[in-house]
Every structure is written in C-alpha cells, then in structure tokens.
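Now for the letters of each chain:
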Amino acid sequence: MASWFKGKIIYPLILFVWALIGPANSYFFGTAASKPVFSDFLAWINLGEPNPYALFNDLYGFELSLYHWMKRLFMLLCISFLFLFTHFLRKRGNIEKRFYMYVAVCIGSIGALIYYFTLDRQIYISNSLLAGTRERVDETYYRALSHENSVPHQVIAITKYDVHMKIKRLVEIDTAITIVNNQKQPLDNISLSLYHGFKVIDVSSSHKKLSFQQKNDLLNIQLPSELPPKQSCQLSISYKGLSSPLFFANSRAVYLPYYFPWLPSSNVEPAFQYTKIGLIRNNHQWGNDAEITLTYDGPTPLYTNIKKVGSKKWHGRSSFGLSVVVGKIAEMNRKNDGTQFVQPMTWEKNMYQYPEFKERTSHIMETISRNFHIPYEGFPKLVVFVPILSINDFAVEEYIWFASDHLIYGTSLQYQATILPQDEANYTYMLVPALTWKYKGIPIKDMEYLHLFDSVYAYVYNQQHGIPDDGSFLPRMNPIKSEKDQIKSSIVQWIKKEGNVEMKNRFCQEWFQLIESGSQDWNELKKLVEQYIVIKEDL
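Residues numbered from 1 in each chain as written. Predicted model: local features only at pLDDT ≥ 70, side-chain atom pairs only at ≥ 80, totals over all residues. Heavy atoms only, no water.

Before going further, it helps to spend a moment on the overall build of the chain. Scanning the chain for helices and strands turns up 12 helices and 21 strands. Counting every position in the chain, which comprises 539 residues, the buried fraction comes to 52%. Across the chain, contacts joining residues at least 24 apart in sequence account for 69% of those joining residues at least 6 apart. Total accessible area on the chain stands at roughly 26200 Å², and carbon and sulfur atoms take up 56% of it. (Helix = DSSP H or I, 4+ residues; strand = E, 2+ residues; numbered from the N terminus. Buried < 20%, exposed > 50% of the residue type's maximum accessible area, 1.4 Å probe, protein only. Contact = heavy atoms within 4.5 Å. Areas by Shrake-Rupley, 256 points an atom, 1.4 Å probe, with all protein chains shown as cover.)

Below, the discussion takes up the pattern of salt bridges. Taken as a whole and judged by the stated rule, the model has 13 salt bridges. Asp297 is paired through a salt bridge with Lys312; the nearest N and O atoms lie 3.8 Å apart. On the criterion of sequence distance, the pair formed by Asp297 in strand 12 (residues 290–297) and Lys312 in the loop between strand 14 (307–310) and strand 15 (313–318) is long-range, its members being 15 residues apart. Connected via shared salt-bridge partners are Lys276, Glu448, Lys484 and Lys488. (Salt bridge = Lys/Arg side-chain N within 4 Å of Asp/Glu carboxyl O.)

Turning our eyes to something else, we now look at the side chain of Glu398. Relative to the helices and strands, Glu398 is located in the loop between strand 19 (382–387) and strand 20 (400–402). Only 2.9 Å separates the side chain of Glu398 from the side chain of Arg281, close enough to count as a polar contact. Setting aside chain neighbours within four positions, we find Glu398 in contact with Leu279, Ile280, Arg281, Leu389 and Asp393. (Polar contact = N/O pair within 3.5 Å; in protein donor to acceptor, adjacent residues only side chain to side chain.)

Take the packing of aromatic side chains next. Counting across every chain of the model gives 50 aromatic pairs. Measuring from centroid to centroid gives 6.0 Å for Tyr449 and Trp511, while their planes differ by 90°, and the two rings are edge-to-face. With Tyr449 in helix 9 (residues 447–464) and Trp511 in helix 11 (residues 501–516), this residue pair connects regions lying 62 residues apart in the sequence. Positioned over the ring face of Tyr116 is Arg121, at 4.1 Å from the centre of the ring. Looking at Lys438, its charged tip hangs above the ring of Trp401, at a distance of 3.7 Å from the centre. (Phe/Tyr/Trp six-rings, centres within 6.5 Å; stacked < 30°, edge-to-face > 60°. Lys NZ or Arg CZ within 6 Å of the ring centre and 35° of its normal.)

Moving on to the sheet that holds strand 18 (residues 340–344). A sheet is described by the order of its strands in space; here five strands give the open sequence 17-18-19-21-20, paired in mixed fashion. Looking along the sheet, the strands with just one partner apiece sit at the ends: strand 17 (329–331) and strand 20. The average undirected angle you get between the axes of adjacent strands in this sheet is 15°. Bridging between strand 18 and strand 19 involves three bridges; their strand directions are parallel. Within the sheet, the bridge partner assigned to Val342 lies in strand 19 and is Val384. (Pairing = 2+ DSSP bridges. Axes fitted to C-alpha atoms, helices over the stretch in contact; angles between N-to-C directions.)

Another aspect to go through is the sheet that holds strand 13 (residues 302–304). The strands making up a sheet associate through backbone hydrogen bonding, with each pair oriented either parallel or antiparallel. Taking strand neighbours across the sheet as the criterion, the three strands line up as 9-16-13 in an open arrangement whose pairing is antiparallel. Edge positions in the sheet fall to strand 9 (254–256) and strand 13, since each has one partner strand and no second. Strand-to-strand, the axes of this sheet are offset by a mean angle of 25°, without reference to chain direction. When strand 9 meets strand 16 (residues 324–326), the two strands line up antiparallel, connected through three bridges. Residue Val254 lies in a different strand from strand 16, and its bridge partner there is Val326.

Trans peptide bonds make up most of the peptide bonds, and negative phi angles are found at most residues other than glycine. Cis geometry is adopted by the peptide bond preceding Pro301, which originates at Thr300 and carries an omega value of 0°. Assignment of secondary structure puts Pro301 in the loop between strand 12 and strand 13. For Ser206, which is not a glycine, the phi torsion comes out positive at approximately 55°. For Ser206, the location among the structural elements is in the loop between strand 4 (198–205) and strand 5 (208–209). A positive phi angle, close to 55°, is found at His373, a residue other than glycine. Its place among the elements puts His373 in the loop between helix 7 (350–372) and strand 19.

Quick look at the environment of Arg317 now. Within the secondary structure, Arg317 is located in strand 15. On the basis of relative accessible area, Arg317 is assigned to the partly exposed category, the value being 47%. Taking the C-alpha atoms as reference points, Arg317 and Ala290, 27 residues apart in sequence, are found 5.5 Å from one another. With near-sequence residues (within four places) excluded, Arg317 lies in contact with Asp289, Ala290, Glu291, Ile292, Ile306 and Asp405.

Below, the discussion takes up helix 8 (residues 424–435). In this model helix 8 runs 17 Å from its N-terminal to its C-terminal C-alpha over 12 residues, within 8% of the 16 Å that 1.5 Å per residue would give. Across the 12 residues of helix 8, 11 count as buried, placing the element largely inside the fold. Among the residues making up helix 8, those that are buried are Ala425, Asn426, Tyr427, Thr428, Tyr429, Met430, Leu431, Val432, Pro433, Ala434 and Leu435. The inward-facing, buried residues of helix 8 abut helix 7, strand 20, strand 21 (406–411) and helix 9. Capping of helix 8 at its N-terminal end is provided by Asp423; its side-chain oxygen lies 3.1 Å from the backbone amide nitrogen of Ala425. (Expected span 1.5 Å × (residues − 1).)

Bringing the pairing of strand 2 (residues 171–181) into the picture now. For a regular strand, side chains alternate in direction, first toward one face of the sheet and then toward the other. For strand 2, the buried fraction is high: eight of the 11 residues fall into the buried class. The pairing of strand 1 (residues 156–167) with strand 2 spans 11 bridges and is antiparallel. Pairing of Ile156 across the sheet is with Asn181, part of strand 2. Counting the residues in the hairpin turn of strand 1 and strand 2 gives three residues. Where strand 2 meets strand 8 (residues 232–241), 10 bridges bridge the pair, whose relative direction is antiparallel. Among the inter-strand pairings, Thr178 is bridged to a residue of strand 8, identified as Gln234.

Moving on to the confidence of the model for the chain. Summary statistics for the chain give a mean pLDDT of 87 and a share of 91% for residues scoring 70 or more. Segment residues 535–539: pLDDT under 50, and four contacts once partners within four positions in sequence are set aside and those in other chains are kept. (pLDDT = per-residue confidence, 0-100.)

A separate point is the state of the cysteines. Taken as a whole, this structure holds zero disulfides when the rule is applied. Here Cys78 stays unpaired: no disulfide links it, and the sulfur of Cys106, its closest cysteine neighbor, is 7.5 Å away. (Disulfide = S-S within 2.5 Å.)

Moving on: the nonpolar core. Formed by 142 residues in total, the largest nonpolar core has its most connected members in Met165, Trp262, Phe357, Phe507, Trp511 and Leu525. In terms of nonpolar packing, the next biggest core, distinct from the first, is built from 13 residues, Leu77, Val103, Leu113 and Tyr116 among them. (Core = buried A, V, L, I, M, F, W, Y, C linked by side-chain atoms within 4.5 Å.)

Our next topic: a nonpolar patch on the surface. Where nonpolar side chains cluster on the molecular surface, the patch consists of Phe56, Phe62, Leu64, Leu66 and Trp69 and spans about 540 Å² of accessible area. Locating Leu66 in the fold gives a position in helix 4 (residues 66–90). (Patch = residues over 30% accessible without salt bridge, like charges linked within 9 Å, V, L, I, M, F, W, Y side chains within 5 Å.)

Structure, rendered in structure tokens:
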C-alpha cells in the first residue's frame, strides 16, 4: 500500500485494513455489519476467530477446519499478486522470465482456491449476525415449509440396516435396508424420510436401478414389483451431502442421533417442525427391532449404541435407532457400573456428580414406569452428556432423549456445564417428556398440548417427592383469548391450588391415556378437566 499511496494517508489506511480483516471487524463497522450481504462479507474476510460472538462448543472444539487456513492462504496469495502487479508496473521494461512463472503460479493457486471455496462443506457457524448461522438455517427452512403430509399412511418396517458411512468434506452413506410390508394391501412404492441436506444419488434392488423422487425430507421410491403383505425386499440407497447445522457431521465432530433422519426412516414426517415455542425436532425413532451393521470411516473416537466388532466396524440391534457421536469427548466413568458415561473432556467435575445423577434418574424412571405402565429395560448402557442445543432452543422437550439402550442429555453451550441443574425441580421437567410420549414414539400434533402435559406432571411429581417447586416452570398464562387458553388456565390454576396430590396424579394418568390413544384434542382434555374440577368443588 505504501507503494501506491504517498504521505501520511497510509497510516489511517493501514488501520482501516486492520479493522476490516481483524477478528473484531463486526464491532468496528457497527450497525452496517447487521446488513446481510455486508455481514457475510465481514465474516468471510475475518482472519481471526470465525465465531466471535459464540460460546465455546465443548463437543466440537475450536473451528480449526482446513477451510479457514485455505482462506488465509488465499488472502496471502492475493497480496502476493498485488505485489507482483505493482512490480510489473514499475519494472515493465526489465522483467525476468521467472517473474512470469511466479505470476502464473500465483494466479493458478488463486483459481484453484476459488474453486475450493465453491465446494459444499459443513462449517461450524454460530454468529448471530449471519443469515447462515447454525441457529437460523433450519429455522428459516422449516418456517416456510408446509407440514401438511399428503403421503398416504404406510405400515412398513425396516428390519435391517447395513450402513457404510464416510465423513470427509461431505457425509457419504451407502446403506442396504430390508423393508417389510406390514399392511394388508400390496405396495408398489414406499415413502421414507431423509434429511433434505443428504442428496440421493442412486437407489437399486438386486443391482437394478429404481426410480425415485426426493422432495424436502421425503424420499419416494418405486419398487421393482408389488410387495405383498408380510413380505420383504432389499433396497440399496446411496446418498451424500451436508447434515443439519444442528446435527453437524464433518471431519471435526459428528452428532447424528437416533431421532434425526440421517438414515432412511419409515416415520414419514419432516426432521423439524416450526411451532409457537420455536423449532422442534421431530422424533424419528424406528418403532421396531432392527439389525444394524455400521462400517465407519471418519473422525474418532466414535461412541454409539451398538458394539464394536472389528476395525471400523460395529454391529448390534435396536428398536429406536442408531446414534453416532464423535468429538472432543471421552468416557468419564470412575467405576465400572455397566454404563458408559461420555461427556466433553473439559467437564471433568461431572465425574463426581454422576452417581447422584444415576440415582435420581433411576428413581424417576421407576416412578414413571409404575405410574404410566411404561416398561423400561433398566438404566441405559450409554449416557452421552454433550452441548447440542442452539441459543434458540427454549423448550424443555429438547434437552433429553431416552432410548432403551442409551440416553442423550443435551445442554446449551456453557462453561463447565453440570449434569445436575442447580434447581433440582428443573431436571424433572427435562426428563418427563423423554420418559413418556417421546419414549413411546408418539408424534407431535400439537406441541402446546404436549408441553402442558409435561409441565403439569413434572410439577405433580415434584410435589409427590418433596422436591421444592414454586410452579415457575409451568406455562405462563397470557391474557385469555381463546377456549384453549381458558383450558390451560384452568389446569394450571387447579394444579397449583389442589392439595390432593394423588387426585392430581390420577388426572395425569388419564391425560396420558388420551395421549397414548393418539388424541391431542383440547375438547377431549376439557371434558377430562371438568370431571376433576367438579370433584374438587364437591369436596
């Protein structure tokens, strides 16, 4: 720059360039940085921390992907080119041949890097100023997506998965699945769920290519022939692409849990749905027992709910699904109690809280199992406690996911997160949905309805077991504008004032029976509420 600009003007120019490419460039440009195009530009040329506004992610670690180093190399090459160009202008009549070789190498390298930057890849982006931040990408997509399901209901089961997964720049998966027709009519096509970021390349059966259509999170496959009832067929599906930013999978870390459709799922619904309380993850657990073989090529160490049987190979069975977790995590058990406790290596103090966590969780499991007649297979063999939630996750239903063989306990990004919340009552609110309707695989028809049940029963449980709970976790009642608001208000007021805890527990038992039957209807709930309010008034 000094060769282009003479005088003292060079000093403010140097400061401007430093502010432009430095780690705090968004701060220097103030409100201008909030404009989408300019904010994306500032983030790209920022040579410092890629996520200056984000808390450290203890599962993912620092964003040190090769992409960011290539970006720095690109900037150096551009500066080198400008230097060479300046030299050419000044020495135009006295240029050596090797100069042209330097220019050719520089231009060729810049061209190669431009191509590199155009390739798809998953980068951890958690910057509140960017439209492409991990908290906004799926929220924007599913807010605009219609959730009306026009696909006819099919009763099918996938009883076997043979998965070959490679994670490099993209997630690449080849999976062979066995599909069973459990309905009374023959099938000539099937519909499966698969996250839209994974693009299907090929579908075949017995080496014969099949026609398919992929739209949003729906994959429709034309079978080679009609599949009679109770008969099975084998399909091979190859796909690759990028996972959801909230379920990242790259060379740094992998978080692909069983409830996310990263494998083809017979549960035909979107991966997420947008509700009044924000973006909600739909549960894609399988609902039937399946044999799983996983061959994996990617970052390690890998933690999953099936057993390792060889180099890069795992095998087992599950009726919920397959979870794969990789990152800056490790097994933290101090004693061998039959359960793997896995968490970030920076959260060591939870080793001392783990026994109390297991005791409290086991007690809640036993009580809910007895109260709602839900059979569990004992305490899970794998517990994964990791920061998986985004800054936009507010619903307690998103924290814990419980399968028969493993439990995933998510938390927001925070320094030295503790496995037991400081407020003992809060843990009940997080665990109740995981052990009830989510465990049973009940789909979300009305999130407000299910959230109300979760909160009410958690409050009743805390009262039953002497856990201090002032009711602050119950839904807040805004001005009543509809009959639904009136029903919610009646339940919350009654549940707080009623002194007979056993009566409130019976109410929750009958309410859960409605949910199990498939009802999330407010009118039916109103009838149930009126029965108990009448009983209360008669007493």
